[in-house]
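Working through the structure, step by step
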Amino acid sequence: MAEPFLALRKVSKHYAGVTALDKVDFDIQKGEIHCLAGENGSGKSTIIKIISETVKADPGSVIEIKGHAVHGNKAIDAINKGIQVIYQDPSLFPNLTVAENIALGGFVASHRKLINWKELRRGAEKAMARIDVRLPLDAIVREISIADQQLVAICRALTRDVELLIMDEPTASLTKKEVDSLLAVVTDMKSKGIATMFVSHKLNEILQIADRVSVIRDGKMVGTYPGSELNDEKLTILMTGKKVEYQRFVAGKNGNNPILECQWLSRRGEYKDINFKLFPGEILGITGLLGSGRTELALSLFGISQPDTGEILFNGKPVNIRSIQDAMRLGIAYVPEDRLTQGLVNNQSVGKNIIVTTLDSLVNRFKLLDQGKVTDSIQRWIKDLTIKIPSVESPVQTLSGGNQQRVVLAKWIATQPRVLILDGPTIGIDVAAKFDIHKIIRELAEKGIAIILISEEIPEVYNNCNRVLVMHKGCILGEYDTRQATQEDIQNHVNGAY
Ligand SMILES: Nc1ncnc2c1ncn2[C@@H]1O[C@H](COP(=O)(O)OP(=O)(O)OP(=O)(O)O)[C@@H](O)[C@H]1O
Ligand SMILES: [Mg+2]
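1. Quick look at the overall build of the protein chain
Assigned secondary structure in the protein chain consists of 17 helices and 20 strands. Taking 2.2 N^0.38 as the reference for a compact globule, 498 residues should give roughly 23 Å; the C-alpha atoms of the protein chain span a radius of gyration of 24 Å, in line with that estimate. Counting only residues that meet the buried cut, the protein chain has 44% of its 498 residues in that class. Of the contacts made within the protein chain by residues no fewer than 6 positions apart, 70% connect residues no fewer than 24 positions apart.

Shown next, in the form of structure tokens:
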């Protein structure tokens with residue numbers, strides 16, 4: 001093979017008590033699409049942070065670009081070497097326009113005092129034309145979708161002569177259509193000689209675009225494989241060391257009285273004429289793609305927004321859920337889809353994040369926090385949800401993405417809800433851990449908790465739920481009993497709606 005654009009040789013990274021990377025060898029060829037796969041906490045983001053020079057590898061690690069060892073230690077050094085990272089939240093300037101976000105950086109970097117606005121617009125247009133995207137130059141970035149923001153970030157990278165673009169789980173919050181167009185842009189960049197390193201937990205995306213796939217497990221490189229030689233099953237075994245597949249589960253519902261019922265619930269522009277019943281002990285699936293109204297409905301059930309018309313009954317009685325406090329008082333808990341921004345206090349410890357929702361029950365008769373109870377409660381959740389952390393004192397932001405998600409789950413399950421609404425609970429969770437989370441959900445149902453499982457992954461709702469509602473454009477199009485319908489029935493219905 002030709003000399004790689006980038007090579008890592010025996011790269012290690014230790015944090016206090018944690019080996020994040022252990023003598024990793026890894027290379028990226030010019031213009032290839034190279035995917036990195038591995039379980040939560042296996043070290044993927046750490047590799048990215050080392051390549052982008054936002055963290056420093058341990059002494060003895062060697063990083064080469066075009067055959068030359070690099071010693072930079074600031075992200076800007078990596079940018080100057082042609083490497084740019086696009087995060088899930090693409091860190092743009094929200095109050096500037098699309099054109100300014102794309103092209104301003106180049107002006108600043110070239111130390112010019114006067115900004116030539118015409119030239120700036122031309123630069124932005126040129127970058128967009130290179131990958132055949134069209135975005136309104138004068139739109140304020142805060143007002144465009146996350147998918148478009150990612151495209152802005154890609155265009156920005158293109159104005160800086162990027163040779164390697166790195167994306168860490170870029171598709172986690174994109175609709176199917178947006179994912180397709182992002183993957184098309186990646187393929188297009190490849191034809192222009194720009195390499196992409198792509199991290200995703202969605203194996204189908206990896207298999208669709210990868211020239212090569214590197215698999216990392218517990219900080220050690222398992223190997224690098226041509227994409228054409230892999231399939232779902234092989235990749236899963238490489239990542240987890242075992243074969244994992246879906247098992248069907250049908251929760252038994254308790255009794256004939258719904259705990260929650262929606263009657264003709266509508267909110268203008270979001271969802272319309274929603275009718276369903278939820279029984280204790282059952283897992284009710286709601287599927288439909290991003291934008292189908294599923295999250296908006298959940299937000300109303302949790303008191304974050306109010307329906308315009310219709311009624312919500314709790315335990316048979318009409319209720320007004322006007323705030324999160326109202327919802328929590330009834331025993332409704334909600335695990336949001338966008339956990340990273342909505343679910344956690346990042347610089348606080350794991351322990352504090354877990355107990356924040358249950359402080360009331362951990363206070364002793366002197367109204368002081370009972371430290372014994374606090375520790376017990378935290379330890380229990382860490383064990384039950386197998387959260388992998390060096391210590392309960394670790395700030396949440398030092399956890400891997402998947403482990404952060406478990407902390408959010410723990411925090412809400414700890415409130416012992418009667419109704420638990422899970423919105424995309426396994427987005428960003430690796431295949432093996434996903435089944436762990438399903439197991440937790442099933443056990444909660446068996447304890448009598450009524451669960452609403454919202455997911456666009458049909459196998460996930462089909463294999464866990466007794467009933468599945470299909471949502472599209474704010475309406476429920478159909479209800480399936482999973483003992484009678486097949487997975488294909490539901491899939492076809494969802495596909496047909498788009
Ligand atoms: N600043 C830090 N301090 C301590 N430990 C850290 C820090 N950053 C990462 N780690 C640990 O390093 C390990 C690798 O984390 P990393 O974020 O690279 O995982 P990942 O493969 O990206 O996982 P995910 O798929 O969940 O995003 C984890 O055990 C994590 O807790
Ligand atoms: Mg990560």
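2. A word on the environment of Leu278
Along the polypeptide, Leu278 turns up in strand β12 (residues 271-278). Looking at Leu278, the number of C-beta atoms within 10 Å reads 20, which means it is buried. A sequence separation of 153 residues divides Leu278 from Glu125, and the C-alpha atoms of the two residues are 51 Å apart. With residues up to four places along the chain from it excluded, the contact list for Leu278 reads Pro258, Ile259, Leu260, Leu284, Val419, Ala450 and Ile452.

3. What about the site of ligand 1?
The immediate surroundings of ligand 1 are formed by 17 residues, with Tyr15, Asn40, Ser45, Ser400 and Gly401 found nearest. Within the residue set of the shell around ligand 1, elements represented by two or more residues are β2 (18-28), α1 (44-51) and α14 (401-413). In terms of residue count, the dominant contributor to the shell around ligand 1 is α1 (three residues). Both of domain 1 (6-240) and domain 2 (260-497) provide at least three residues apiece to the shell around ligand 1.

4. What to know about helix α8 (residues 232-240)
An α-helical turn contains 3.6 residues, so a residue and the one three or four places further along point in the same direction. When we look at burial in α8, the residues that qualify are Leu235, Thr236 and Met239. Angularly, the buried residues of α8 cover 100° about the axis, an arc narrow enough to put them on a single face. One or two positions beyond α8, positive phi appears at Gly241, with a value near 80°.

5. Some details on the confidence of the model for the protein chain
The predicted model of the protein chain averages 86 in pLDDT, with 91% of residues at 70 or higher. Mean pLDDT per element in the protein chain: helix α11 (residues 339-342) is the minimum at 53, and strand β11 (residues 260-267) is the maximum at 97.

6. Observations regarding the environment of Gln325
Within the element layout of this structure, Gln325 appears in helix α10 (residues 324-330). On the neighbour-count criterion, Gln325 (10 C-beta atoms within 10 Å) is exposed. Distance from Gln325 to Gly223, taken between C-alpha atoms, is 50 Å for residues 102 residues apart in sequence.

7. Quick word on the sheet that holds strand β5 (residues 68-69)
Pairing within the open sheet is antiparallel, and its four strands lie in the order β2-β1-β4-β5. Single-partner strands in this sheet number two, and they are β2 and β5. Bridging between strand β4 (residues 62-65) and β5 involves two bridges; their strand directions are antiparallel. Each bridged residue has a counterpart across the sheet, and for Ile65 the counterpart in β5 is His68. Lying over the sheet, α1 contacts β1 (6-15) and β2, oriented at roughly 65° with respect to β2.

8. A closer look at the packing of helix α4 (residues 117-130) against helix α5 (residues 146-159)
Relative to each other, α4 and α5 sit at 105°, their axes nearing to 9 Å. As far as their axial angle goes, α5 and α4 are roughly perpendicular. Every residue of α5 that contacts α4 at Gly123, Ala124, Ala127, Met128 and Arg130 is listed here: Cys155, Leu158 and Thr159. Residue classes in the contact of α4 with α5 are distributed as five nonpolar, two polar and one charged.

9. Thoughts on the nonpolar core
Within soluble globular proteins, side chains that are nonpolar tend to cluster in buried spots. Counting 71 residues, the largest nonpolar core has Ile421 and Ile451 as the members making the most contacts within it. Formed by 67 residues, the second largest nonpolar core is a distinct cluster that contains Cys35, Val85, Ala99 and Cys155.

10. Some thoughts on α4
For α4, with 14 residues, the first-to-last C-alpha span of 20 Å sits near the 20 Å given by 1.5 Å per residue. Taken together, the buried positions of α4 are occupied by Leu120, Gly123, Ala124, Ala127 and Met128. The buried residues of α4 occupy an angular sector of 130° when the element is viewed end-on, so they sit on one face. Turned more than 90 degrees off the buried face of α4, the exposed positions are Lys118 and Ala129.

11. Some details on the domain arrangement of the protein chain
Domain assignment breaks the protein chain into domain 1 (6-240) and domain 2 (260-497). On a C-alpha basis, the centroid separation for the pair domain 1 and domain 2 is 31 Å. Every contact between the two is made by 16 residues of domain 1 and, on the other side, 17 residues of domain 2. The element that contributes the greatest number of residues to the side of domain 1 that touches domain 2 is α8, accounting for three residues. Residues belonging to the side of domain 1 that touches domain 2 are distributed by class as follows: four nonpolar, nine polar and three charged.

12. Describing the pairing of β4
The alternating pattern of β4 places Ile63 and Ile65 on a buried face, while none of Val62 and Glu64, on the opposite face, is buried. Summarising the sheet, β1 and β4 pair through four bridges and their orientation is antiparallel. Within β4, the residue paired with Leu8 across the bridge is Ile63. Between the end of β4 and the start of β5, which pair antiparallel, lie two residues, with Lys66 showing a positive phi angle near 50°.

Calculation rules
Residues numbered from 1 in each chain as written. Chains lettered and ligands numbered in written order. Predicted model: local features only at pLDDT ≥ 70, side-chain atom pairs only at ≥ 80, totals over all residues. Helix = DSSP H or I, 4+ residues; strand = E, 2+ residues; numbered from the N terminus. Rg over C-alpha atoms; globule rule 2.2 N^0.38 Å. Buried ≥ 20, exposed ≤ 12 C-beta atoms within 10 Å, placed from the backbone. Contact = placed C-beta atoms within 7 Å. Near = placed C-beta within 6 Å. Domains from an automatic or database assignment. Arc of directions from axis to C-beta. pLDDT = per-residue confidence, 0-100. Pairing = 2+ DSSP bridges. Axes fitted to C-alpha atoms, helices over the stretch in contact; angles between N-to-C directions. Parallel < 35°, antiparallel > 145°, perpendicular 65-115°, else oblique. Nonpolar A, V, L, I, M, F, W, Y, C, P; charged D, E, K, R; others polar. Core = buried A, V, L, I, M, F, W, Y, C linked by C-beta atoms within 7 Å. Expected span 1.5 Å × (residues − 1).

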